[in-house]
Amino acid sequence: MSEDLFSGSVKDEARGPLADRMRPRDLDEFIGQDHIVGPGRLLRRAIQRDRLSSIILSGPPGTGKTTLARVIANTTSSRFISINAVLAGVQAIRDAVDSAKRERELYDRRTILFVDEVHRWNKSQQDALLPYVENGTIVLIGATTENPFFEVNKALVSRSRVFQLHPLGDDDLTAAARSAVADRERGYGRWKVEFDGGALEHLVKVSDGDARSLLNALELAIETSVEPWPPADGERVLVTLDAAEQSIQRRAVLYDRDGDYHYDASSALIKSLRGSDPDAALYWLARMVYAGEDPRFIFRRLLISASEDVGLADPAAIGVVASCAEAYERIGLPEGQFLLTEAALYLATAPKSNSALAYFDALAAVEAERAEVPDHLKDASRDAEGLGHGAGYLYPHAYRSHWTAQQYLPDSLKGAVFYQPGSLGHEARVRDEVLRRRDAQLAAWLSGELDAPSPTAAPTASPTSHAQAASWTARADSGSAGGLAGLRDLVFKLSFPPRHANALVLAADDGLMLREAVRTCSEGSACGVCRDEQSIERLAYAFRDVEELMRPSLVACADAERIADAAVGAAGHAGFDVVVAAGFLSAYGAESAVEGGRALVERLRSGGRKPAFAFCERSPVAGALPAIVAPLLGGDALAAFAAADEAFFASGAAPGFSRERLEAAIVAMGLEPGRSEPYRYDARRAIGPRDAEAWLSADSAYGSAIASAIGGEAVAVVLDALKKAAESGQAAWPNLWTVTLA
């Protein structure tokens, strides 16, 4: 165990290997891994604020895991201890824990324990560390070249945040090499180091993203290019392409049955099957078998795919794969390869359905609440007479088609939809019947039959149940989440920000998009711009359940033209990767919002950023009022009203943003419109006689246009029909949004 692994004199640094001498000493010197330590990223904020919690750094050799630990050691005010899991055992853990306890008791000071190669510890060694990580005695920084979710104790992983480091890009490696060449104290800045054409590029390319490998090769190439070494200060050192080639060797691509290659190849096989690509499936299957993978492991993965990815689209798939697996046990290799091939080809060419994932939605509902079993579904053999259990149950086999509408879910989940039948293969043949029965179930519920304790009781149905029913209908038809939640899902599906993205959400007052940005960009950051301080207070309350370091930056800005300054000031950086502007133009007014948007684009681009923008605005949609009065108007009157309604919306006079108007605003901001998708859902809206009068008032643009088209007498007839329709208190109301990327 060492408390000064990362402390060393300048003289020590000058004598060590170049890769060790050039290790960055702070975040400003750190090269690469911008997705976790770039401006605004979660880990960078935690290091700078000295608020680090237990983390595990995972990545290939030479990507900066130990270097990042050195940076933390140089930055933190906590006591820092390091252990190498290859050399240390349980006793070293005990010593570290004992000293950490003393440090906390005597000086109220935290202890950070860095464990290099943490995956080398066995389960008992990792278990010995667990209680002290959990109670906060130590803050763990674990470094591993393996996948921590497979090689590190699950309990330890669950109490740590995992950060994955990627192989460095060519630009990062080139920057590291040139930094070493220019540094006079730790590198080769005392000499004039030059490279033949292609020499440095060869070192970078063959390093395969490994900075240590690059610097070791660079050191060898430079110091063998002059005889003797070192030459006099200021002397020219030329590194030839031949010297570069001799200084580094290309790595072999390996298949490790116990490491990431094992799981990556398995993942590639399953994804090829899921994507119905038999050629790719055969390639990955052959690669796994050639590398010595256990065929039983492959068959286990194929059996899972048969249920998860093929499912009810072809219920025979699991039988085919199971039969092949059973036959393999009799035959073995090499002939067993035919059985693996048959199973893989069957799955790759079968129709696909993942509707079985509905189980996990049901499981989430179970975890969320402990719902009571409805009385009519309870066991009648014990308490039927005393408690009425089983009373009102309708025996399906007593009915034609062996089915009748009946409530089977608990009262609190009435109207919930979990299973969404697919539209391929066998499942396509049962889809219509499932949805037809679901519609009948809904009709029975709306009529009040399913709320009644017995078939003869009076039906009841509240406005809330009507709204829930409309939502259920929409989901049954489209399979989407429905409503604004579905709109949120579409926005983030199209923009698809990575976990390490820095997200900016404009007009974030309702918190819907901002909440999703915080969840999606879990290793980056989120900033929300609201219109007033009241929204800030509401959002601050809404995010109380989120870890402090993960909470979004919030700022109120009523002037759209000052949004750029407000956002950059609140976030502390201008490194935004994605900007979500849902309802931005409507909230601030189109003219002001365009000016503010243009200023924001210019501000971000001036810093070298080109973030993705996702705009979303409510669009005008015709036909809502004609649909409401349709049951109450005659054919000619309804047709005239519908035509006038359609003409009003087609004229562009209706409020809202059509796709064309939204794209024009995006262009005015200096952006180029990209992919655009409409999002429509139907909701239940409360209406009354005053609403009808306001809609058709001569003072409104809509009422004036309708009167001009069909005349005053016809308007009076339509108004009377609307008032009668309003007596029900609710009506179906279409909602249309346009989502456009830029």
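As the structure is a prediction and not an experimental result, all values here were calculated from the model.

1. Comments concerning the overall build of the protein
Within the protein one finds 34 helices and 14 strands. Expressed as a percentage of the 742 residues in the protein, the buried residues total 45%. Intrachain contacts of the protein at a sequence separation of at least 6 include 75% that bridge at least 24 residues. Surface accessibility of the protein: about 37000 Å² in total, with carbon and sulfur atoms responsible for 51%.

2. Observations regarding the environment of Pro295
Within the secondary structure layout, Pro295 lies in helix α16 (residues 295-310). Remark: the alpha-carbon pair of Pro295 and Leu340, spanning 45 residues in sequence, is separated by 7.7 Å. Setting aside residues no more than four positions away along its own chain, Pro295 makes contact with Tyr328, Leu333 and Leu340.

3. Observations regarding the packing of α16 against helix α18 (residues 336-349)
Each pair of packed helices gets described by two things: the angle between the helix axes and the distance between those axes. Relative to each other, α16 and α18 sit at 20 degrees, their axes nearing to 10 Å. One way to sum up the angle between α16 and α18 is to call them roughly parallel. You can see that α16 and α18 cross each other, and the crossing is left-handed. Taking contact as the criterion, the partners of Pro295, Ile298, Phe299, Leu302, Ser305, Ala306 and Val310 in α16 are, on α18, Leu339, Leu340, Ala343, Ala344 and Leu347. Of the residues in the contact of α16 with α18, the class split is 11 nonpolar, 1 polar and no charged.

4. Structural notes on the pattern of salt bridges
For the coordinates displayed, the defined rule picks out 34 salt bridges. Between Arg659 and Glu663 there is a salt bridge; the shortest N-O distance is 3.1 Å. With Arg659 and Glu663 both in helix α31 (residues 659-668) and 4 residues apart, this pair spans about one turn of that helix. With a relative accessible area of 21%, Glu663 lands in the partly exposed category.

5. Some thoughts on the confidence of the model for the protein
In the predicted model, the protein carries a mean pLDDT of 81, and 82% of its residues have values of at least 70. Averaged pLDDT values over the elements of the protein bottom out at 32 in helix α22 (residues 463-478) and peak at 96 in strand β8 (residues 502-506). Under a pLDDT of 50 for its full length, residues 250-255 has, in the predicted model, 13 contacts with residues more than four places off or in other chains. A low-confidence stretch, residues 442-481 (pLDDT under 50), is modelled with 58 contacts involving residues beyond four sequence positions or located in other chains.

6. Quick look at unusual backbone geometry
A negative phi holds for most residues other than glycine; trans holds for most peptide bonds. Following Glu227, the chain continues into Pro228 via a peptide bond in cis, with omega recorded as -5 degrees. With respect to the helices and strands, Pro228 occurs in the loop between α12 (211-223) and β7 (236-239). Cis peptide bonds are those with omega within 30 degrees of zero, and the linkage from Trp229 to Pro230 qualifies with 0 degrees. Within the element layout of this structure, Pro230 appears in the loop between α12 and β7.

7. A word on the pairing of strand β2 (residues 79-84)
In the case of a regular strand, side chains alternate between the two sheet surfaces. Counting buried positions along β2 yields 5 of 6 residues, so the element is predominantly enclosed. Pairing of β2 with strand β3 (residues 111-116) involves 6 bridges; the strand directions are parallel. When the sheet's bridge partners are listed, Asn84 is paired in β3 with Asp116. Of the crossover connections in this fold, the one passing from β2 over helix α6 (residues 90-107) to the parallel β3 is right-handed.

8. Let's talk about the packing of aromatic side chains
Taken as a whole and assessed by the stated rule, the structure comprises 12 aromatic pairs. Ring centres 6.1 Å apart and planes at 45 degrees place the aromatic pair Tyr188 and Trp191 in the tilted group. A residue is classified by how much of its surface remains accessible, and Tyr188, at 1% relative accessible area, is buried. A relative accessible area of 8% means that Trp191 is categorised as buried. Seen from their ring centres, Phe648 and Phe649 are 5.5 Å apart, and the 85 degrees between their planes marks the pair as edge-to-face. Look at Phe648 and you get buried, because its relative accessible area is 8%. Given the relative accessible area of 23%, Phe649 is considered partly exposed. Here the aromatic residues Tyr188, Trp191 and Trp229 are joined through ring pairs into a cluster of three or more. Its end group placed over the ring of Tyr188, Arg21 keeps NZ or CZ at 5.9 Å from the ring centre.

9. Remarks on the sheet that holds strand β1 (residues 55-58)
Either a parallel or an antiparallel arrangement is found when strands of a sheet pair, and the pairing is made through backbone hydrogen bonds. Spatial strand order, β2-β3-β4-β1-β5: 5 strands in an open sheet with parallel pairing. What marks the edges here is a single partner per strand, and that holds for β2 and β5 (161-164). Averaged over neighbouring strand pairs, the angle between their axes works out to 15 degrees when direction is ignored. Taken together, the 4 bridges between β1 and strand β4 (residues 139-144) define a ladder with parallel strand orientation. Bridge pairing in β4 links Ile56 to Gly142. Of the strands in this sheet, β2 and β3 touch α6, which is tilted by about 175 degrees from β2.

10. Section: helix α34 (residues 712-726)
Helix length check: α34 (15 residues) gives 21 Å between terminal C-alpha atoms against 21 Å at 1.5 Å per residue, within 8%. The set of residues buried in α34 consists of Val715, Val718, Ala721, Leu722, Ala725 and Ala726. Buried residues of α34 fall within an arc of 140 degrees about the axis and therefore sit on the same side. In α34, the exposed positions that point more than 90 degrees away from the buried face belong to Gly712 and Glu713. Buried positions along α34 lie against α29 (624-629), α30 (635-650), α32 (689-695) and α33 (701-710).

Each value, and the rule that gives it
Residues numbered from 1 in each chain as written. Predicted model: local features only at pLDDT ≥ 70, side-chain atom pairs only at ≥ 80, totals over all residues. Heavy atoms only, no water. Helix = DSSP H or I, 4+ residues; strand = E, 2+ residues; numbered from the N terminus. Buried < 20%, exposed > 50% of the residue type's maximum accessible area, 1.4 Å probe, protein only. Contact = heavy atoms within 4.5 Å. Areas by Shrake-Rupley, 256 points an atom, 1.4 Å probe, with all protein chains shown as cover. Axes fitted to C-alpha atoms, helices over the stretch in contact; angles between N-to-C directions. Parallel < 35°, antiparallel > 145°, perpendicular 65-115°, else oblique. Left-handed = near helix turned anticlockwise from the far one by under 90°. Nonpolar A, V, L, I, M, F, W, Y, C, P; charged D, E, K, R; others polar. Salt bridge = Lys/Arg side-chain N within 4 Å of Asp/Glu carboxyl O. pLDDT = per-residue confidence, 0-100. Pairing = 2+ DSSP bridges. Right-handed = clockwise from strand over helix to strand, strands pointing away. Phe/Tyr/Trp six-rings, centres within 6.5 Å; stacked < 30°, edge-to-face > 60°. Lys NZ or Arg CZ within 6 Å of the ring centre and 35° of its normal. Expected span 1.5 Å × (residues − 1). Arc of directions from axis to C-beta.

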